[in-house]
Amino acid sequence: MAARAAAVIRVDAVWLAVQPLDMRMGAEAALARVVNVFGAARPHHAYMFANKRADRLKVLVHDGIGVWLAARRLNAGKFVWPRDGSASLALSQPQFDALVLGLPWQRIGEAGVITVL
C-alpha cells in the first residue's frame, strides 16, 4: 500500500478582525466580511473573527484556489480579543498559537518585553 502525503494548508499571514462576527455566518458571508474589513482575501492568508462573548472564533483561509472556514469554541473561559483600536491586527505565528489556546497572545514577542524605566 502506498503512503499518502498529508495535505497542509499554507498560511503566510494571520489577520485578526476586532469587530465581532455572527457565528451563524457561513463561508460566503464570512468571505464577504473579510473583503469588507481587509479589502481582499489574499492567497495563503488567514482571517480570524470572534463572537461578542469571545468564546467562539472562526478562521477563514484562502488557500489560493478556494476558501476554508473553521470554527473553534472554548468550553470554559474566553479568547483574549481586543475590543478597541484599529479594525484589524496582524498576528505572528506564536501569537496565533497562543490565541487559539485562549492565552494572552498580546504578551508574546516584543509586546512582552520588560524594560527598565
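This text follows the structure it describes.
What counts as what
Residues numbered from 1 in each chain as written. Predicted model: local features only at pLDDT ≥ 70, side-chain atom pairs only at ≥ 80, totals over all residues. Heavy atoms only, no water. Helix = DSSP H or I, 4+ residues; strand = E, 2+ residues; numbered from the N terminus. Buried < 20%, exposed > 50% of the residue type's maximum accessible area, 1.4 Å probe, protein only. Expected span 1.5 Å × (residues − 1). Arc of directions from axis to C-beta. Contact = heavy atoms within 4.5 Å. Pairing = 2+ DSSP bridges. Axes fitted to C-alpha atoms, helices over the stretch in contact; angles between N-to-C directions.

Engineer: Describe the environment of L101, with residues and values.
Structural biologist: Tracing the sequence through the fold places L101 in the segment after α2 (93-100). Under the relative-accessibility criterion, L101 is labelled exposed at 55%. Along the primary structure L101 and K78 are separated by 23 residues, whereas in three dimensions their C-alpha atoms are 9.6 Å apart.

Engineer: How would you sum up helix α1 (residues 27-38)? Please name residues and give values.
Structural biologist: Taking 1.5 Å as the rise per residue, α1 with twelve residues should run 16 Å; its terminal C-alpha atoms sit 16 Å apart, in good agreement. Listed in full, the buried residues belonging to α1 are A30, V34 and F38. The arc that holds every buried residue of α1, seen down its axis, measures 50°, which confines them to one face. The exposed set on the far side of α1, more than 90 degrees from its buried face, consists of E28 and N36. On the buried face of α1, the contacting elements are β1 (13-17), β2 (45-50), β3 (56-62), β4 (67-73) and β5 (88-91).

Engineer: Can you lay out the sheet that holds β4 for me, pointing to particular residues and giving the numbers?
Structural biologist: Read across the sheet, five strands follow the order β4-β3-β2-β1-β5 without closing on themselves; strand pairing throughout is mixed. The outermost strands of the open sheet, each flanked by one partner alone, are β4 and β5. Neighbour-to-neighbour, the strand axes of this sheet turn through a mean angle of 25°, independent of strand direction. Both β3 and β4 contribute to a ladder of seven bridges, which runs antiparallel. When the bridges of β4 are listed, V61 appears paired with W68. The sheet contacts of α2 involve β1, β2, β3, β4 and β5, and relative to β5 the element is tilted by about 110°.

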